[in-house]
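Okay, here's what each chain looks like letter by letter:
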Amino acid sequence: MNGPGCAPGLLNGPGRKTTTISQGTATLHGLFIKTDAADSIPSVLAYQSRQPPPCAGPRRKDRREPSASARARAPHCCGIEAETQTSHSSAKQASTTEIQIGPMRLTQDPIQVLLIFAKEDNQSDGFWWACDRAGYRCNIARTPESALECFLDKHQEIIVIDHRNSRYFDAEAICRSLRATKPSEHTVILAVVPGTSSDQEETSVLPLLHAGFDRRFMENSSITACYNELIQIEHGEVRSQFKLRACNAVFTALDHCQEAVEITSEDHVIQYVNPAFERMMGYHKGELIGKELTELPKSDKNHADLLDTINTFIKKGKEWQGVYYARRKSGDSIQQHVKITPVIGQGGKIRHFVSLKRLRCTNENNKQLYKSHRDEKYTGDNSQSESHSFRCKNRRKDSTDVKSITSQSSDAPSLQTRRYSSMARIHSMTIEAPITKVINIINAAQENSPITVAEALDRVLEILRTTELYSPQLGTKDEDPHTSDLVGGLMTDGLRRLSGNEYVFSKNVNLSHSHLSVPVTINDVPPCIAQLLDNEESWDFNIFELEAVTNKRPLVYLGLKVFARFGVAEFLNCSEATLRAWLQMIEANYHSSNSYHNSTHAADVLHATAFFLGKERVKGSLDHLDEVAALIAATIHDVDHPGRTNSFLCNAGSELAVLYNDTAVLESHHTALAFQLTAKDSKCNIFKNIDRNHYRTLRQAIIDMVLATEMTKHFEHVNKFVNSINKPMASEENSSHSEGSDCESTANIKNFPDNQTLIKRMMIKCADVANPCRPLELCIEWAGRISEEYFAQTDEEKRQGLPVVMPVFDRNTCSIPKSQISFIDYFITDMFDAWDAFAHLPVLMQHLANNYKHWKTLDELKCKSLRLPSENNN
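Residues numbered from 1 in each chain as written. Predicted model: local features only at pLDDT ≥ 70, side-chain atom pairs only at ≥ 80, totals over all residues. Heavy atoms only, no water.

**Looking at the overall build of the chain**
Counting secondary structure elements, the chain contains 40 helices and 14 strands. For the chain, contacts bridging at least 24 residues in sequence account for 73% of all contacts bridging at least 6. Working note: accessible area of the chain is about 40,800 Å², and carbon and sulfur atoms make up 52% of it. (Helix = DSSP H or I, 4+ residues; strand = E, 2+ residues; numbered from the N terminus. Contact = heavy atoms within 4.5 Å. Areas by Shrake-Rupley, 256 points an atom, 1.4 Å probe, with all protein chains shown as cover.)

**Considering the packing of aromatic side chains**
Inspection of every chain in the model, using the stated rule, returns 22 aromatic pairs. Between Trp 539 and Phe 612 the ring centres are 5.8 Å apart and the planes differ by 25°, which places this aromatic pair in the stacked class. A residue pair is termed long-range when its members are at least 10 positions apart, and Trp 539 in the loop between helix 22 (527-533) and helix 23 (543-549) and Phe 612 in helix 27 (residues 599-613) qualify at 73 residues. For the pair formed by Trp 539 and Phe 612, the shared burial category is buried. Ring centres of Phe 715 and Phe 827 lie 6.1 Å apart, and the angle between their planes is 25°; on these two criteria the pair is classed as stacked. On the criterion of sequence distance, the pair formed by Phe 715 in helix 34 (residues 714-735) and Phe 827 in helix 38 (residues 816-839) is long-range, its members being 112 residues apart. Across the pair, Phe 827 and Phe 715 agree in class, each one buried. Above the plane of the ring of Phe 675 lies Arg 699, whose end atom (NZ or CZ) is 4.7 Å from the centre. Arg 785 extends its terminal NZ or CZ atom over the ring of Trp 782, reaching a point 5.6 Å from the ring centre. (Phe/Tyr/Trp six-rings, centres within 6.5 Å; stacked < 30°, edge-to-face > 60°. Buried < 20%, exposed > 50% of the residue type's maximum accessible area, 1.4 Å probe, protein only. Lys NZ or Arg CZ within 6 Å of the ring centre and 35° of its normal.)

**Overview of helix 39 (residues 842-861)**
Taking 1.5 Å of rise per residue, 20 residues should cover 28 Å, and helix 39 covers 29 Å from first to last C-alpha, within 8% of that figure. Buried within helix 39 are the following residues: Leu 844, Met 845, His 847, Leu 848, Asn 851, His 854, Trp 855, Leu 858 and Asp 859. (Expected span 1.5 Å × (residues − 1).)

**What about the sheet that holds strand 12 (residues 320-327)?**
Across the sheet, which stays open at both edges, the five strands sit in the order 11-10-14-13-12 with antiparallel pairing between neighbours. Every interior strand has two partners, whereas the edge strands, strand 11 (270-273) and strand 12, have only one. Taking the axes of each pair of neighbouring strands and ignoring which way they run, one obtains an average angle of 30° across the sheet. One ladder, built from six bridges, connects strand 10 (residues 260-265) with strand 14 (residues 350-359); its direction is antiparallel. Within the sheet, the bridge partner assigned to Ile 263 lies in strand 14 and is Val 354. Helix 12 (residues 306-315) contacts strand 12, strand 13 (333-344) and strand 14 of the sheet and is inclined by roughly 140° relative to strand 12. (Pairing = 2+ DSSP bridges. Axes fitted to C-alpha atoms, helices over the stretch in contact; angles between N-to-C directions.)

**Some remarks on unusual backbone geometry**
One non-glycine residue, His 155, adopts positive backbone phi at about 55°. Tracing the backbone shows His 155 in the loop between helix 6 (144-154) and strand 7 (158-162).

**Focus on the pattern of salt bridges**
Going through the model one piece at a time under the given rule, you end up with 30 salt bridges. Two residues, Glu 547 and Arg 785, come together in a salt bridge whose shortest N-O distance is 2.9 Å. Within this pair, whereas Glu 547 is found in helix 23, its partner Arg 785 is found in helix 37 (residues 776-800), the two being separated by 238 residues in sequence. According to the relative accessible area criterion, Arg 785 is buried, its value standing at 14%. Note that Arg 811 and Glu 788 form a salt bridge whose closest N and O atoms lie 3.2 Å from each other. (Salt bridge = Lys/Arg side-chain N within 4 Å of Asp/Glu carboxyl O.)

**Some thoughts on the nonpolar core**
Formed by 115 residues in total, the largest nonpolar core has its most connected members in Leu 572, Trp 582, Phe 612, Ile 702 and Trp 835. Among the elements that make up this core, the one with the highest residue count is helix 38 (13 residues). Discounting residues that sit within four places of it in the chain, Leu 572 has contacts with Val 628, Ile 632, Ile 686, Phe 687, Asn 689, Ile 690 and Leu 698. Within the second largest apolar cluster, 24 residues are counted, among which are Ile 111, Trp 128, Ile 158 and Ile 231. (Core = buried A, V, L, I, M, F, W, Y, C linked by side-chain atoms within 4.5 Å.)

**A word on the confidence of the model for the chain**
Within the chain, residue pLDDT values average 78, and 71% of them lie at 70 or more. Note on residues 55-86: pLDDT is under 50 here. Beyond four places in sequence and across chains, it has 49 contacts. Under a pLDDT of 50 for its full length, residues 376-430 has, in the predicted model, 100 contacts with residues more than four places off or in other chains. (pLDDT = per-residue confidence, 0-100.)

**Observations regarding the packing of helix 24 (residues 554-565) against helix 27**
Running from N to C, helix 24 and helix 27 cross one another at 20°; their axes reach a closest spacing of 9 Å. When the axis of helix 24 is compared with that of helix 27, the two are roughly parallel. The way helix 24 lies across helix 27 gives a crossing that is left-handed. Along the contact surface, helix 24 presents Pro 554, Leu 555, Leu 558, Gly 559, Val 562, Phe 563 and Arg 565, while helix 27 presents Ser 599, Thr 600, Ala 602, Ala 603, Leu 606, His 607 and Ala 610. Each residue belonging to the contact of helix 24 with helix 27 can be placed in one class, and the counts come to nine nonpolar, four polar and one charged. (Parallel < 35°, antiparallel > 145°, perpendicular 65-115°, else oblique. Left-handed = near helix turned anticlockwise from the far one by under 90°. Nonpolar A, V, L, I, M, F, W, Y, C, P; charged D, E, K, R; others polar.)

**A closer look at the environment of Leu 148**
Take Leu 148: it is sitting in helix 6. Judged by its relative accessible area of 25%, Leu 148 is partly exposed. Along the chain, Leu 148 and Leu 178 lie 30 residues apart, while their C-alpha atoms are 6.4 Å from each other. The contacts of Leu 148, once residues within four sequence positions are left out, are Ser 177, Leu 178 and Thr 181.

**Brief notes about the packing of helix 38 against helix 39**
At a minimum axis separation of 10 Å, helix 38 and helix 39 run at an interaxial angle of 160°. Comparing their axes, helix 39 and helix 38 come out roughly antiparallel. Crossing of helix 38 against helix 39: the hand is left-handed. Contacts between helix 38 and helix 39 involve Pro 817, Lys 818, Gln 820, Ile 821, Ile 824, Asp 825, Ile 828, Phe 832, Asp 833 and Asp 836 from the first element and Pro 842, Leu 844, Met 845, Leu 848, Tyr 852, Trp 855, Lys 856, Leu 858 and Asp 859 from the second. In the contact of helix 38 with helix 39, the residues fall into twelve nonpolar, one polar and six charged.

**So, helix 7 (residues 171-179)**
Of all nine residues in helix 7, nine are buried; the element is thus mostly enclosed. Listing the buried residues of helix 7 in full gives Ala 171, Glu 172, Ala 173, Ile 174, Cys 175, Arg 176, Ser 177, Leu 178 and Arg 179. Packing partners of the buried residues in helix 7 comprise strand 5 (112-116), helix 6, strand 7, strand 8 (188-193) and helix 8 (206-211). Capping of helix 7 at its N-terminal end is provided by Asp 170; its side-chain oxygen lies 3.1 Å from the backbone amide nitrogen of Glu 172. (Polar contact = N/O pair within 3.5 Å; in protein donor to acceptor, adjacent residues only side chain to side chain.)

**So, the pairing of strand 7**
Of all five residues making up strand 7, five are buried, and the element is well covered by its neighbours. Side chains Ile 158, Val 160 and Asp 162 of strand 7 all project onto a buried face; the interleaved residues Ile 159 and Ile 161 project onto the opposite face, where all are buried too. Inspection of the sheet shows strand 5 paired to strand 7 by four bridges, in the parallel sense. Along strand 7, the bridge assignment pairs Val 113 with Ile 158. Where strand 7 meets strand 8, five bridges bridge the pair, whose relative direction is parallel. For Ile 161, the partnering residue across the bridge sits in strand 8 and is Ala 191. As a crossover connection, the stretch from strand 7 through helix 7 into strand 8 is right-handed. (Right-handed = clockwise from strand over helix to strand, strands pointing away.)

**Here we look at the side chain of His 669**
Along the chain, the position of His 669 falls in helix 32 (residues 665-680). On the basis of relative accessibility, which here comes to 7%, the residue His 669 falls in the buried class. Within polar-contact distance, the side chain of His 669 engages the side chain of Asp 640 at 2.7 Å.

**Thoughts on the pairing of strand 12**
Pairing geometry for strand 12 and strand 13, over eight bridges, is antiparallel. The residue bridging Val 323 from the neighbouring strand is His 337, located in strand 13. Between strand 12 and strand 13, which pair antiparallel and follow one another directly, the connecting turn spans five residues, one of which, Gly 331, has a positive phi of 100°.

This is the structure:
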């Protein structure tokens, strides 16, 4: 029996040939072929209830007429059309495997196999029962779309694609689409091709290679032949790929190692350097990898025969360590502790040299680092910008290395005196950002600190120098695909697509508003609407009832009532007619065709904002201008929303994405359009009578709040609110038990404009996503609406061949309860806990707890509907 590396054409199993080919590069292009017959086939199947086949293989009659018990247990096709299930028998046999790679001990989970066959036949059955025998977890997909979805969900190690007939789909196009995904890098893809007679010429494997296949399997429905093929793949390519994936952990460790690491070939060609090496030597890895060490400048401070001594040691396979002078890119010489270890590779020969380098703690090294930093700064050497931003940090790390201190006691006395002599000069600039001041304070604190404290503060500085200070790190997609997709879809601007495919949504910019029937004054409202609006100050106000009685125009009516309550017209010095015309114009530019982002959503956010403004602590912290700005921002915050996310617009190359440089695309558009529309017509220009200074302050506050609804800075806004508002207020309340302490704390907030800005941002953010905190019936309706909008986006992404931003939002497979649970866990809970601690919102928090329990119950019962069966009956 031949292994996975067998030569093409060798017999491997009864009556068929196996060909092994290397993985080719592939990109996604072309369309899948689809026929009416293929449409009638369930998309993803897992045979849970099948009788073991006879030795000669299953007959068609056996497959079509299972036993009565099997029929009773088997799921209906329609019930599993878009689901991925694992056979019970395979799961029972499956077990983990212990694999060793060097000193690492790894545990490999049971192998997963994806069979892609448009129709059930002897060949697909052969592979199915082979998987069953081997203890593999097996799924079968019948359409290209379900195959890709199943693979992205489960990341199977082996994929078998039916390449015998192109009637139902293009096997090579499927392979290319799979290879275009990141997980396929470590997947083995097998093509099942038609058998050839002895008089036929052997076909070339190049087309399969170019499509991304790894192996070729001549058609053979024998279970033993299929079993042998799969076992060979597992013990060969799959285990090799598993070991390669484990190397990612080693490279991660190297990238975060504080010591400089350099790996060269036996001919001293640089193969790898880690970030610490780049920082120490002043080079970027792109300038080093592939170069011979002899091409790099050498320091003239080493003894003449030092290099010969080093080579004599390492060429014999011995480890060398000692002190060595190296020359940085800037030309400065630095003294290093170096340890070089030979590594045995192919053919039992030395194939690599691994060098570990650490700066010696000398004043000369410090002077050279300072001189290099100063020269690069004033000569404008931008190529060094990345390295010298970390240089001082690297120097401190070496100074706090415990091994170097204990082994070189003679250097220890100078440790404290030399630590930051040059740092003060580096940071003695007259213009300092707040973060620079913080770093300077930490550096000063380190100067006379014990080694353990200095080392801890080094780690603090590492964190402060990162670009994403407020964004938590999300785990792997396998842990929670719903959360991962929500984060990817809401907190990123997507990946730009270079195909030139542009998406332009229909701009319903409607300046005319005379055709809408609205009241002449706030008192001229139909009784049915007026009765509903009597309850608008309650959190449980039903916005959908207002939507129904106003014929999907709730924003004008609610806006008139809320704006009158807060004296907006009086503050703006405009007439009620102007305010009414403005509300009418803004509502006309919301898209009623959107299931979620329409004027009802805007009215809902306006209602929540008004409710929050009525809370005592919020009211005591903000001025009248802040209140007016918040109400206007809530009204316009999603105007002209296309019903698609920022990521979609960026991927599609839309006009707006190009205009706003893929940054806060929609939020920038909402504010810009609102101000444009307002200024175009004097009849609806609510700002025409306020003075310039008030207008600029008001405008900036509105823009800031609308931009805060963009999710990429969600955690930054929440964390700033917690650290600047919640924690100081909690400290004040704990230290003061007087009755006026609450008033004093809000007064202190009012004295700091930055804190007022944080409150306004947090308020509109909470209002914008308050759906999970509404009464259950309203929460369910909003969940259905936003899901439908995401489903429509996924459908369009697939039609246009764009990257699918949120794959879990497929209308055929999505679990809305799961998506709601993920959204609440990741975005809502912490934010509303912080907002509740400030504004005191017990009703909202109770609704949130009840709604979360509702979604968890639905998820546990695996209900597809948004309500429990008992609720549907009622």
